[in-house]
Amino acid sequence: MGLSSPGWLLLLVPLAGLIGAYLLVQRRRGRYAVRFTNLDLLDKVAPRRPGRRRHIPAAAFCATMALLVLGFARPTTEVRVPRERATVVVAFDVSASMQATDVEPTRFEAAQQAALAFVDRLPERFNAGLVQFSGSATVAVPPTTDRELLRSAIEGLTTRQGTAIGDAVVAARDAVRALDRQAEAEPPPAHIVLLSDGSNTQGRSVESAAEEVAADEIPVSTIAYGTEDGTVDLPSGDSMRVPVDGPALENLASRTGGDFHEAATGEELQAVYEDIGSSVGYRTEEREVWQWFVAAGLVTALAAAATSLLWFSRLP
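Calculation criteria
- Within each chain, residue numbers correspond to sequence positions counted from 1 in written order.
- For this predicted model, a pLDDT threshold of at least 70 governs which residues receive local features, and a threshold of 80 or more governs which side-chain atom pairs are given and counted, while totals over whole chains, interfaces and linings are taken from all residues.
- Calculation of side-chain values draws on the structure's entire complement of heavy atoms; hydrogens and water are dropped beforehand.
- Secondary structure elements follow DSSP: runs of H or I of four or more residues count as helices, runs of E of two or more count as strands, with numbering from the N terminus.
- Residue exposure (1.4 Å probe, protein chains only): buried if accessible area is under 20% of the type maximum, exposed if over 50%, otherwise partly exposed.
- Contacts are assigned to residue pairs with any non-hydrogen atoms lying within 4.5 Å of each other.
- Fitted lines through C-alpha atoms serve as axes, helices being fitted only where they are in contact, and the angles separating the N-to-C directions of these axes extend from 0 to 180 degrees.
- Each angle gets one of four labels, with under 35 degrees taken as roughly parallel, over 145 as roughly antiparallel, 65 to 115 as roughly perpendicular, and the rest as oblique.
- Handedness of a crossing is defined here by the sense of rotation of the near helix relative to the far one, left-handed for an anticlockwise turn of less than a right angle and right-handed for a clockwise turn.
- Here the term charged refers only to Asp, Glu, Lys and Arg, the term nonpolar to Ala, Val, Leu, Ile, Met, Phe, Trp, Tyr, Cys and Pro, and the term polar to all other amino acids, Gly among them.
- Side-chain rings of Phe, Tyr and Trp, where Trp is taken by its six-membered ring, are said to pair if the distance between their centres is within 6.5 Å; with planes under 30 degrees apart they count as stacked, over 60 as edge-to-face, and otherwise as tilted.
- Two strands are said to pair when DSSP picks up at least two bridges between them.
- Arc definition: it is the arc formed by the directions from the helix axis to the C-beta atoms.
- Residues belong to one nonpolar core when they are buried, are Ala, Val, Leu, Ile, Met, Phe, Trp, Tyr or Cys, and are joined through side-chain atoms within 4.5 Å.
- Expected helix span is computed as 1.5 Å times (number of residues minus one).
- Patch membership requires over 30% relative accessible area and the absence of a salt bridge. Like charges are linked within 9 Å, and nonpolar side chains (Val, Leu, Ile, Met, Phe, Trp, Tyr) within 5 Å.
- Note on areas: these come from Shrake-Rupley sampling with a 1.4 Å probe, and a residue is covered only by the protein chains present in the view.
- Any carboxyl oxygen of Asp or Glu within 4 Å of a side-chain nitrogen of Lys or Arg constitutes a salt bridge here.
- His is not counted, nor are the chain ends, whereas Lys and Arg count as positive and Asp and Glu as negative.
- In plain terms, the charge of a residue is placed at NZ if it is Lys, CZ if Arg, CG if Asp and CD if Glu.

On to the overall build of the protein chain, then. Helix and strand content of the protein chain: ten helices and eleven strands. The buried share of the protein chain, reckoned over its 316 residues, is 40%. Taking all contacts inside the protein chain whose residues are at least 6 apart in sequence as the whole, residues at least 24 apart take part in 79%.

Put into structure tokens, the structure is as follows:
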């Protein structure tokens, strides 16, 4: 909570003085009542008073003044506002190493299910696209609001040889640029979510791709998926270790202003996607909420008037 015009708070100083004066008067009245020792006579000559209830109108009046002063100070609060034309591109690693079974049933199948869940949770107005990459990178689905098209593309992914992470990042950036006619002059707020389990083995370097995308101010959040003990079966019958290369993916995220995540199970990958999806298409902005304080002040003013008329037949 912040204040756009805090200078108005100085009006609380005289209000505090008024409250102090009221308390002083009440204290003196109490002392006078104690000095009058003939209680039977006092009960006959003095009408019954509402006791502690008599303070309620005064308290409501002071609350009204305080709330109105706060309203004049124009309080603000942070709110999450959906970004217009928000675009998310999922870059999905379909290299052969994704067939490792260190994640049940395989890295690939678990990642497919997590990606489908991620797409389902995105707000309908978000544009979402899909880039698949192995030895090369291709845009499987340009950014669109058609969720069924995107789901079908994710479900139809198949694994291939090679890992071209740099090419995937640039392909995702190009997909954002081609979103609509405004994209070149007014790029949409975009985010690339790249999931991979290996090192860059083909295509352009990750460093050069990161520089290109960073220049367009498109963050790339990366997910290192799998464990250090992952293996895949070769046609010869032997197995080959396919450990996750986390440092390379962390460096990519750092260079582009994105976040780096590690996921060793399907459940962890789901959680990572949920975390990314909750922030990727929103911006935080300050909004004034003075009207709520003014409204509350009017309510307390009515309360002060109502209780005063009910108990004293006069306005405060």
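Our next topic: the packing of helix α7 (residues 206-215) against helix α8 (residues 246-256). The geometry of α7 relative to α8 is characterised by a closest axis approach of 9 Å and an angle of 25° between their N-to-C directions. For the element pair α7 / α8, the angle class is roughly parallel. In terms of crossing hand, the pair formed by α7 and α8 is right-handed. Within the contact between the two elements, α7 uses Val 206, Glu 207, Ala 210, Glu 211 and Ala 214 and α8 uses Asn 251, Leu 252, Arg 255 and Thr 256. Tallied by class, the residues present in the contact of α7 with α8 amount to four nonpolar, two polar and three charged.

The next subject is the packing of aromatic side chains. As enumerated under the stated definition, the model contains three aromatic pairs in all. Relative to Phe 108, the ring of Phe 92 lies with its centre 5.9 Å away and its plane at 85°, an arrangement referred to as edge-to-face. A residue pair is termed long-range when its members are at least 10 positions apart, and Phe 92 in strand β3 (residues 87-93) and Phe 108 in helix α4 (residues 107-121) qualify at 16 residues. Taking the relative accessible area as the measure of exposure, Phe 108 reaches 6% and is therefore buried.

Strand order across the open sheet formed by six strands is β5-β4-β3-β6-β7-β10, with mixed pairing between neighbours. Only two strands of the sheet have a single neighbouring strand rather than two, namely β5 (137-144) and β10 (260-263). On average, adjacent strands in this sheet sit at an angle of 15° to one another, irrespective of strand direction. Note that strand β7 (residues 220-225) and β10 share four bridges and pair parallel. Across the sheet, Thr 222 pairs through a bridge with Phe 260, a residue of β10. Running over the sheet, helix α5 (residues 147-155) touches β4 (127-133) and β5 and is turned about 15° from β4. Where helix α6 (residues 165-177) meets the sheet, its contacts fall on β3, β4, β5, β6 (190-196) and β7, and the angle it forms with β6 comes to roughly 155°.

This part takes up the pairing of β5. The pairing of β4 with β5 spans five bridges and is antiparallel. Within β5, the position partnered with Phe 133 by the bridge is Ala 137. Between β4 and β5, which pair antiparallel in sequence order, lie three residues.

Let's shift gears to α8. Along an α-helix, residues three or four positions apart point the same way, because every turn accommodates 3.6 residues. Regarding α8, the residues found buried are Gly 246, Leu 249, Leu 252, Ala 253 and Thr 256. Seen along its axis, α8 keeps its buried residues to an arc of 130°; they face one direction. Facing away from the buried side of α8, by more than 90 degrees, are the exposed residues Pro 247 and Ser 254. Gly 257 occupies a position one or two residues after α8 and carries a positive phi of about 85°.

With that settled, consider the nonpolar core. The biggest cluster of nonpolar side chains holds 33 residues, and the ones touching the most others in it are Phe 92, Leu 130, Ile 223, Tyr 225, Leu 269 and Tyr 273. For this core, the leading source of residues is α4, giving eight residues. Look past the residues within four positions of Phe 92 in its chain and what remains in contact with it is Met 98, Phe 108, Ala 111, Gln 112, Ala 115, Leu 130, Val 131, Gln 132, Phe 133, Leu 157 and Leu 195. By size, the runner-up hydrophobic cluster in this structure holds 24 residues, among which are Val 89, Phe 133, Ile 192 and Leu 249.

To continue, consider α4. Between its first and last C-alpha, α4 extends 21 Å over 15 residues, near the 21 Å set by a 1.5 Å rise per residue. Within α4, eleven of the 15 residues are buried, which leaves the element mostly enclosed by the surrounding structure. For α4, the set of buried residues is Arg 107, Phe 108, Ala 110, Ala 111, Gln 112, Ala 114, Ala 115, Leu 116, Ala 117, Phe 118 and Val 119.

Mapped onto the fold, Gly 257 is located in the loop between α8 and β10. Its relative accessible area of 59% is what places Gly 257 among the exposed residues.

With that settled, consider a negative patch on the surface. Taken together, the side chains of Glu 228, Asp 229, Glu 250 and Glu 262 present a region of like negative charge at the surface. Relative to the assigned elements, Asp 229 resides in the loop between β7 and β8 (231-233).

With that settled, the discussion passes to a nonpolar patch on the surface. Together, Trp 8, Leu 11 and Phe 72 give the surface a local cluster of nonpolar side chains, amounting to about 310 Å² of exposed area. The exposure class assigned to Phe 72 is partly exposed, which follows from its relative accessible area of 47%.

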